[in-house]
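Working through the structure, step by step
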Amino acid sequence: MKQTKLWIGGKWVEGSRLEPLLNPHTGEKLADIGYASPEQAAEAIESAAEAFRTFREAPIHQRAGVLYRVARIIEERAEEAARLIAEEAAKPIKAARGEIQRTVQTYTLAAEAAKTISGEVVPMDAVPHGDHHTAYVIRQPKGVVTAITPFNFPFNLVAHKVGPAVAAGNAIVLKPAEKTPLSALFLAGVFKEAGLPDGVLNIIPGGGKELSETLTTHEKVAFVTFTGSPAVGKIIRAQAGLRTVTLELGSNSPLLIDRGFDGEELDRIADAAAAGAFSYNGQVCISIQRIYVHEDAYEEFTNRLVRKAESLRIGDPLSEDTDISALINEQAAKRLRSWVERAAEGGAAVRCGGTFEGSIMHPTVMTGVPDEAELNCEEAFGPVVSVKPFRTWDEAIGLANDSKFGLNAGAFTKDLEHALKAAKNIRAGGVLINEIPTYRVDHMPYGGLKESGVGREGVKYAMEEMMELKLVAFRTGFYE
């Protein structure tokens, strides 16, 4: 049985203890994972701080070169990496391959973003007191970045933190999700082969509750980036104090569907909505959870969406034709079962799905979900979506905004006025017109409002978050 270690200072280090890692689909033990202690987390931070002293001076072409080579190595080992995701995260293999393709793109984008680091001239003489001064702004790396990542995209969401950190010239300590440490540990050898100096990247699997205080309060940590639940995000923000943080938190993404679509168009929208609601079992931060459809199309669209959901194949994540597999653990299945049951007790109708086989939840479409139900108010993070009719576009926008979250929202409409009104008035970090809210490409700015977080990812934007602005000013004519 495989036993893993920690990656600190360019060396493998024994963890403080071993914890079993189970395949979510089969229950089979994949490995015994070495977990870091708080003292080892501090050691990793110290190692990163030491490496930063020299890496901050590394020329941009060197940092970019490392990231280009990382992208190439992952591309060469794509099938191995995809199978790793399928085994430890139970992500269907075809979706896992898609994630690896995006990971390659993300590291490539990070390499290219490194080359865009620039400053600007400040026109000091724009005011009288600025006469005889010349100034410019430069961007410099912050220092040690600590990153806490989730299970659902164990390669690509890690890339969204590690790639920009390296591009900016920072050093990084990565704590991967307890459920998916193998994907993160895979990167140790990749970055070593790519020529990253020892200590710039440190990887320490471990318990979040046990390590979070060290990772957020250590005196040598300059920046904290976290993707996960709002409850944990609030704790991390409180712990981090005056340090800069980026928090990518929860969502229950809405999709609005206007009137005026014929049957074929509704079918295409239903296809897109099914993909947005049920891809990777709905375990996606911007998975569609709430669909609001104009009353003229409500029944027809709902019936089409049900047929799409019922056509999805449930099975082994390593099978080429599997669409739906096990949730990440039994606790997730139990939580979702209770939410479905409570919504049904409140008057909701289960149009399809709502059944469970162990940790597998069948794709579920519900109507009439009460406003106060968890499936309407909280983040489900599972293959379930509610559908509700509306009469006016203003009502639809109000329903979309009736949430404590605000990450991505989508709207299908042929009416330009409606499109512009949605873009202006929906309170979300991203509003996508004639597109599902689950759509994301890796260089676009990505982040939310309200309890969906603070700060922005998207490679260039994350890199800029991880840098400090410094003003440099010269006074001229002083000695004349």
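What comes next is a walk through the structure. Everything numeric in this text was worked out from a predicted model, so none of it was measured. (Residues numbered from 1 in each chain as written. Predicted model: local features only at pLDDT ≥ 70, side-chain atom pairs only at ≥ 80, totals over all residues. Heavy atoms only, no water.)

1. Some thoughts on the overall build of the protein
- The secondary structure content of the protein amounts to 15 helices and 24 strands.
- Scaling as 2.2 N^0.38, a compact globule of 480 residues should have a C-alpha radius of gyration of about 23 Å, and the protein matches this with 24 Å.
- With respect to the principal axes defined by its C-alpha atoms, the protein has extents near 80 × 65 × 40 Å.
- Looking at the 480 residues of the protein, the share that counts as buried comes to 55%.
- Pairs at least 24 apart in sequence give 73% of the contacts found in the protein among residues at least 6 apart. (Helix = DSSP H or I, 4+ residues; strand = E, 2+ residues; numbered from the N terminus. Rg over C-alpha atoms; globule rule 2.2 N^0.38 Å. Buried < 20%, exposed > 50% of the residue type's maximum accessible area, 1.4 Å probe, protein only. Contact = heavy atoms within 4.5 Å.)

2. Remarks on the sheet that holds strand β5 (residues 120-122)
- Pairing is antiparallel across the open sheet formed by three strands, whose spatial order is β5-β6-β24. One side of each edge strand has no neighbouring strand; the edge strands of this open sheet are β5 and β24 (467-475). Taken over all neighbouring pairs, the strand axes of this sheet differ in orientation by 30 degrees on average, direction set aside.
- Strand direction decides the pairing type here: β5 and strand β6 (residues 133-141), joined by three bridges, are antiparallel. From the neighbouring strand, E120 faces β6, where its bridge partner is V137. (Pairing = 2+ DSSP bridges. Axes fitted to C-alpha atoms, helices over the stretch in contact; angles between N-to-C directions.)

3. Notes on the packing of aromatic side chains
- Considering all chains together, one arrives at seven aromatic pairs under this definition.
- With a centroid separation of 5.7 Å and 75 degrees between ring planes, the pair formed by Y107 and F191 is classed as edge-to-face. One end of the pair, Y107, is in helix α4 (residues 93-114); the other, F191, is in helix α6 (residues 181-194), and 84 residues separate them in sequence.
- The ring centre of W339 lies 4.8 Å from the NZ or CZ of R335, which sits over that ring. (Phe/Tyr/Trp six-rings, centres within 6.5 Å; stacked < 30°, edge-to-face > 60°. Lys NZ or Arg CZ within 6 Å of the ring centre and 35° of its normal.)

4. Focus: the sheet that holds strand β20 (residues 408-412)
- Spatial strand order, β14-β17-β18-β13-β12-β20-β21: seven strands in an open sheet with mixed pairing. Here the strands that pair on one side only, and so sit at the sheet edges, are β14 (349-352) and β21 (430-433). For this sheet the average axis-to-axis angle between neighbouring strands, irrespective of direction, equals 25 degrees.
- Across three bridges, β14 lies against strand β17 (residues 364-367) in antiparallel orientation. Across the sheet, the residue bridging to V350 is M366, located in β17.

5. Concerning the nonpolar core
- Y107, V162, F191, I203 and L375 are the most contacted members of the largest nonpolar core, which has 91 residues in total.
- Leave out the neighbours within four places in its chain, and L375 touches Q289, W339, V340, A343, M366, V369, A380 and V384.
- Among the nonpolar cores identified, the runner-up in size contains 26 residues, and I288, A309, F412 and I436 belong to it. (Core = buried A, V, L, I, M, F, W, Y, C linked by side-chain atoms within 4.5 Å.)

6. Quick look at the packing of helix α7 (residues 208-217) against helix α8 (residues 230-240)
- Between α7 and α8, the least distance of the axes is 8 Å, while the angle of their chain directions is 40 degrees. On the basis of their axis angle, the class for α7 and α8 is oblique. Crossing geometry of α7 relative to α8 is assigned as right-handed. Mapping the contact onto sequence places S212, E213, T216 and T217 in α7 and I236, Q239 and A240 in α8.
- A class-by-class count of the residues in the contact of α7 with α8 yields two nonpolar, four polar and one charged. (Parallel < 35°, antiparallel > 145°, perpendicular 65-115°, else oblique. Left-handed = near helix turned anticlockwise from the far one by under 90°. Nonpolar A, V, L, I, M, F, W, Y, C, P; charged D, E, K, R; others polar.)

7. Quick word on helix α9 (residues 263-278)
- Taking 1.5 Å per residue as the helical rise, α9 with its 16 residues ought to reach 22 Å, and the 22 Å between its terminal C-alpha atoms agrees with that figure.
- Taken together, the buried positions of α9 are occupied by E265, L266, I269, A270, A273, A274, G276, A277 and F278.
- Against the buried residues of α9 lie β12 (253-257), β13 (288-294), α10 (298-310), β17, β18 (384-390) and β20.
- At the N-terminal boundary of α9, the capping side chain belongs to D262, with an oxygen 3.2 Å from the backbone nitrogen of E264.
- Downstream of α9 by one or two residues, Y280 has phi in the positive range, about 45 degrees. (Expected span 1.5 Å × (residues − 1). Polar contact = N/O pair within 3.5 Å; in protein donor to acceptor, adjacent residues only side chain to side chain.)

8. Points about unusual backbone geometry
- A positive phi angle is found at F381, which is not glycine, with a value near 55 degrees.
- Relative to the helices and strands, F381 resides in the loop between α12 (374-377) and β18.
- Of note in this structure, N434 is not a glycine but carries a positive phi near 55 degrees.
- Within the secondary structure layout, N434 lies in the loop between β21 and β22 (449-450).

9. Digging into the environment of L318
- With respect to the helices and strands, L318 occurs in the loop between α10 and α11 (330-345).
- For L318 and L201, which are 117 residues apart along the polypeptide, the C-alpha to C-alpha distance reads 30 Å.
- Each residue touching L318, except ones within four places of it in the same chain, is listed here: R83, A86, E87 and I93.

10. With respect to the side chain of E265
- For E265, the location among the structural elements is in helix α9.
- Side-chain polar atoms of E265 contact the side chain of K414, separated by 2.9 Å.

11. Observations regarding the side chain of N408
- By the secondary structure assignment, N408 is in strand β20.
- Judged by relative accessible area, N408 falls into the buried class, the value being 4%.
- Looking at N408, its side chain comes within polar contact range of the main-chain oxygen of P437, at 3.1 Å.
- In contact with N408, other than residues within four places in its own chain, are S253, P254, I286, A428, G430, L432, P437, Y439, M444 and Y446.

12. A short note on helix α3 (residues 78-89)
- With twelve residues, α3 should reach 16 Å at 1.5 Å per residue; the first-to-last C-alpha distance of 16 Å fits that figure.
- Every buried residue of α3 is accounted for by A81, A82, L84, I85, A86, E88 and A89.
- For α3, the elements touching its buried residues are β3 (17-22), β4 (29-35), α4 and α6.
- Once α3 finishes, A90 follows within two positions and takes phi at roughly 55 degrees, a positive value.

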